[in-house]
Amino acid sequence: PLFQPTIFVSGTAMNDGNCLPGVGVARSIRSRFPNARIVAVDFSEESAGLTDPVFDDVLVIAFAGNSTVAEHWRDVVDLLDADKRALYIPTIDLEVELLARAIDTLATPAERERVAWRVMVPPAAGFDATEKPEITAGQALGMTCPTFLAGTDGTSQHDLYAFCFEHGFPIYVKGPSYGATLCNSWFEVKDAFTSLTKLWGDGVFLQASEQGFGMGIKFAAVDGELTGAIKTRKAMQTSMSKNWCGQLSPVEPELLELIKEQVAEMRWTGGGEIEYTESLDGQSRFIVDWNPRFPANIFAACHAGVNLPAALVPHVM
């Protein structure tokens, strides 16, 4: 019989040049499972990806300020209870973490046994190990954390300027979960810091920009078992620091083993991307980010024969 799972994929916005991963994840699954029922989940009718023909159905639910985390968890439980062969793959950073925390603190024992394993998110503890700017999980791979200055209530403009003066431009200004601006002047740093602080409040920081090649390792795992990984050397980026094109290659065996160990230690489930800078001589790696979901360009890996989102489906089901 044909394998016909139901896959709920959230995060389909393609507005303002900042594409979310949902459409790429759905296209990846469709290429492996043409008979799957793939449902787009989003929190705004204005999300452009909702109209993509890869989806069989669309579900717009109240969240992102219009409901509580507990209510969203209940929505996900109801979806998966209605279809015992369904998976839920969130691709929005904040939603991934909120669902992970909900499973940890809100889910009943029966829901953990019945539903939680079909929600493709890492355990809550995984977010502590991948929290910016230190990203201790990345340091466990032998990568170095670039020098940073954490913005607090006591951080003055003089402190920010002194950091820029010491490390030189360009300087990154980053938010705690997402949002990164590469700044080439003090005025750009001030504007970016002010803008991100209004958005996030706490957690905004400055970070030195290391010279080298922008790299990313896309991977998938289920309950700590790595199901696949592929490396990208970034060749072109958008104004929002999103990778537009690059060169795909296998992950070095030594680094792959370290990733397997770290994924197992965190009992990671779902997609992920490890972003880092590799020095021009190839001798050093600087950890930049560890995302708890697939990147928006995940479908590109399918052209190299590596379909990471689809690898989750039979492994779980």
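Residues numbered from 1 in each chain as written. Predicted model: local features only at pLDDT ≥ 70, side-chain atom pairs only at ≥ 80, totals over all residues. Heavy atoms only, no water.

Thoughts on the side chain of Arg 118
With respect to the helices and strands, the residue Arg 118 is situated in the loop between helix 4 (109-114) and helix 5 (124-129). Salt bridges are absent for the buried Arg 118, whose nearest opposite-charge side chain, Asp 81, sits at 4.8 Å. If sequence neighbours within four positions are ignored, Arg 118 has contacts with Leu 80, Asp 83, Lys 84, Arg 85, Ala 86, Leu 87 and Tyr 88. (Helix = DSSP H or I, 4+ residues; strand = E, 2+ residues; numbered from the N terminus. Buried < 20%, exposed > 50% of the residue type's maximum accessible area, 1.4 Å probe, protein only. Lys, Arg positive; Asp, Glu negative; His and termini not counted. Salt bridge = Lys/Arg side-chain N within 4 Å of Asp/Glu carboxyl O. Contact = heavy atoms within 4.5 Å.)

Considering unusual backbone geometry
The omega torsion of the bond from Lys 132 to Pro 133 falls at 5 degrees, within 30 degrees of zero and hence cis. A cis amide bond, omega 5 degrees, links Phe 169 with the succeeding residue Pro 170. Located in the positive-phi region is Ile 135, a residue other than glycine, with phi close to 50 degrees. Relative to the helices and strands, Ile 135 resides in the loop between helix 5 and helix 6 (136-139). Of note in this structure, Asp 223 is not a glycine but carries a positive phi near 50 degrees. Among the residues examined, Asp 223 registers a relative accessible area of 46% and is labelled partly exposed.

Details of the state of the cysteines
Across all of its chains, the model carries 0 disulfides by this definition. Distance from the sulfur of Cys 145, which forms no disulfide, to the nearest cysteine sulfur (Cys 164) is 17 Å. The thiol sulfur of Cys 164 is not disulfide-bonded, and the nearest other cysteine sulfur, from Cys 183, lies at 7.9 Å. The exposure class assigned to Cys 164 is buried, which follows from its relative accessible area of 2%. (Disulfide = S-S within 2.5 Å.)

Re the pairing of strand 2 (residues 37-42)
Within strand 2, 5 of the 6 residues are buried, which leaves it mostly tucked inside the rest of the structure. As judged from the 4 bridges shared by strand 2 and strand 3 (residues 57-60), these two strands associate in the parallel manner. Paired with Val 41 across the bridge in strand 3 is Leu 59. (Pairing = 2+ DSSP bridges.)

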